[in-house]
Amino acid sequence: MKLLPALLLGATALAAEPTFKLVLEDNFDGAEPNPQTWNIETGKRRDSLNSPKAVDVKDGVLKITTWTDVDGTTYCGFLTTRKKFALTQGKAEARCRFSVQPGTQIAFWSQSPTYGKSGTAAGAATDGVEIDILETTGLKKGGYQSVLHWGPYKHATEKKASSTQHPANVGGAWHDYGVEWDDSGYRFTFDGKVVWTDTKCPGSKAPQFLLLTSESNIKGWNGERPKEGYGLKDVSKNTFEIDWVKAWERVPAAK
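Residues numbered from 1 in each chain as written. Predicted model: local features only at pLDDT ≥ 70, side-chain atom pairs only at ≥ 80, totals over all residues. Heavy atoms only, no water.

(A) Representation of the overall build of the protein in the model. Within the protein, the regular secondary structure consists of two helices and 21 strands. A compact globule built from 255 residues should have a C-alpha radius of gyration of about 18 Å, and the protein, at 20 Å, falls within 12% of that. By its C-alpha atoms, the protein is 80 × 45 × 35 Å across when sized along the principal axes. Taking all 255 residues of the protein together, the buried fraction comes to 49%. (Helix = DSSP H or I, 4+ residues; strand = E, 2+ residues; numbered from the N terminus. Rg over C-alpha atoms; globule rule 2.2 N^0.38 Å. Buried < 20%, exposed > 50% of the residue type's maximum accessible area, 1.4 Å probe, protein only.)

Encoded structure:
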């Protein structure tokens, strides 16, 4: 009988754990990205052009190909759930495979439309955070990094960042990349296992939309684009493939 209070305490602690509700599951089963979920953004960004020409869906896989036309224009794919889907504290995950060349960066990430609004790093919990779940360039040779940015980008003392490197060559195979966050911080996962925890960055309480993107510079932190570019779309080896994207909303524990 003396064990009963301890058992009850354990049951109470278990009941207090938060649960998660699946709020987004996209397996890319159609002929194009679901327009109710995704925007294919267009226009110049860095030294390239965001365009639907870089985006394809086939056999249940979304494929972003960064390629160069005969006139020298480099096309990138920039998909976002901006104004269509947002997650406020929870977890997001995507199954991805990539082959990235110098001059290009690809990413699975999350951003808030009110990022930096307060003008302070301390306001990030309300403003939102840039959460780079999977980010890589051709210089990383199949490895990747996870990065958190908070505070206004152009403020020398208020912009903050925290990051970790995952140097193993994993890009050529399918893997699951994810993040879970709450008030206490961020837990980044690789194939379901936590590989990095950060408690320095404030836990975002803002609605965060998702992004699947490629970007390209002639020369920048992501390396130097080949002078001849990446070749036409059907021969470019500069690709980012996504099998599925899922997101879960954190359901607060009952008090």
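Next comes the rest of the description.
(B) Looking closely at the environment of Thr88. By the secondary structure assignment, Thr88 is in the loop between strand 9 (78–80) and strand 10 (90–99). Linking Thr88 and Arg250, residues 162 residues apart in sequence, is a C-alpha distance of 7.8 Å. The residues touching Thr88, leaving out its near neighbours within four places in the chain, are Lys205, Ala206 and Pro207. (Contact = heavy atoms within 4.5 Å.)

(C) Structural context of a nonpolar patch on the surface. On the surface, Val70, Leu232 and Val235 cluster together into a nonpolar patch covering about 300 Å² of accessible area. Looking at where Val70 falls in the secondary structure, it is placed in the loop between strand 7 (67–68) and strand 8 (74–76). The exposure class assigned to Val70 is exposed, which follows from its relative accessible area of 76%. (Patch = residues over 30% accessible without salt bridge, like charges linked within 9 Å, V, L, I, M, F, W, Y side chains within 5 Å. Areas by Shrake-Rupley, 256 points an atom, 1.4 Å probe, with all protein chains shown as cover. Salt bridge = Lys/Arg side-chain N within 4 Å of Asp/Glu carboxyl O.)

(D) Just the side chain of Asn50, in detail. Assignment of secondary structure puts Asn50 in strand 4 (residues 48–50). Setting aside residues up to four positions removed in sequence, Asn50 forms contacts with Glu41, Thr42, Gly43, Arg45, Cys76, Phe78 and Ser214.

(E) Summary view of the packing of aromatic side chains. A full pass over the atoms with the stated rule returns eight aromatic pairs. Ring centres 4.4 Å apart and planes at 20 degrees place the aromatic pair Tyr115 and Tyr153 in the stacked group. Of this pair, Tyr115 sits in the loop between strand 11 (104–111) and helix 2 (124–127) while Tyr153 sits in the loop between strand 13 (144–150) and strand 14 (160–166), and the two are 38 residues apart along the sequence. Joined through ring pairs, the aromatic side chains of Tyr144, Tyr177 and Phe190 make up one cluster. Over the ring of Trp248 we find Lys91, and its NZ or CZ is 5.1 Å from the ring centre. (Phe/Tyr/Trp six-rings, centres within 6.5 Å; stacked < 30°, edge-to-face > 60°. Lys NZ or Arg CZ within 6 Å of the ring centre and 35° of its normal.)

(F) Region of interest: the layout of surface pockets. Size it by volume and the largest pocket reaches roughly 270 Å³. Contributing to the lining of the largest pocket are 15 residues, with Arg46, Gln105, Glu130, Asp132 and Glu135 lying nearest its centre. For the lining of the largest pocket, the secondary structure elements donating two or more residues are strand 11, strand 12 (130–137), strand 13 and strand 18 (209–216). Per-element accounting of the lining of the largest pocket gives the leading share, four residues, to strand 11. Split into classes, the residues belonging to the lining of the largest pocket amount to five nonpolar, four polar and six charged. (1 Å grid on protein atoms, 1.4 Å probe; cavity = no way out; pocket = protein on both sides within 12 Å on 5 of 7 lines; lining within 4 Å. Points joined across faces, edges and corners; volume = space filled by probe spheres on them. Nonpolar A, V, L, I, M, F, W, Y, C, P; charged D, E, K, R; others polar.)

(G) Summary view of the sheet that holds strand 14. With antiparallel pairing, seven strands are arranged side by side in an open sheet as 2-9-18-11-12-13-14. Looking at the sheet topology across the chains shown, the edges are occupied by strand 2 (39–40) and strand 14. Two strands pair when backbone bridges link them, and strand 9 and strand 18 are joined in this way by three bridges, in the antiparallel orientation. Bridging across to strand 18, Phe78 finds its partner in Thr213. (Pairing = 2+ DSSP bridges.)

(H) Quick peek at the side chain of Asp26. When you line up the elements, Asp26 lands in strand 1 (residues 19–26). Of the side chains bearing the opposite charge, Lys84 lies closest to the buried Asp26, which forms no salt bridge; the N-O distance is 11 Å. Within the structure, Asp26 has its side chain in polar contact with the backbone nitrogen of Phe28 (distance 2.9 Å). Of note is the side chain of Asp26, whose polar atom sits 2.8 Å from the side chain of Trp38. In this view, Asp26 contacts Asn34, Trp38, Asp243, Trp244 and Val245; residues no more than four positions away in its chain are not counted. (Lys, Arg positive; Asp, Glu negative; His and termini not counted. Polar contact = N/O pair within 3.5 Å; in protein donor to acceptor, adjacent residues only side chain to side chain.)

(I) Highlighting the pattern of salt bridges. Taken as a whole and judged by the stated rule, the model has 10 salt bridges. What emerges from the salt-bridge pattern is a single network uniting Glu180, Asp182, Arg187 and Arg250.

(J) Fine view of the pairing of strand 6 (residues 61–65). With four of five residues buried, strand 6 lies mostly within the body of the structure. Pairing analysis gives four bridges linking strand 5 (residues 55–58) to strand 6, with the strands arranged antiparallel. Looking across to strand 6, one finds that Lys58 is bridged to Val61. The antiparallel hairpin formed by strand 5 and strand 6 contains two residues in its connecting segment, where Asp59 sits at a positive phi of about 55 degrees. Taken together, the four bridges between strand 6 and strand 21 (residues 239–251) define a ladder with antiparallel strand orientation. Across the sheet, the residue bridging to Thr65 is Thr239, located in strand 21.

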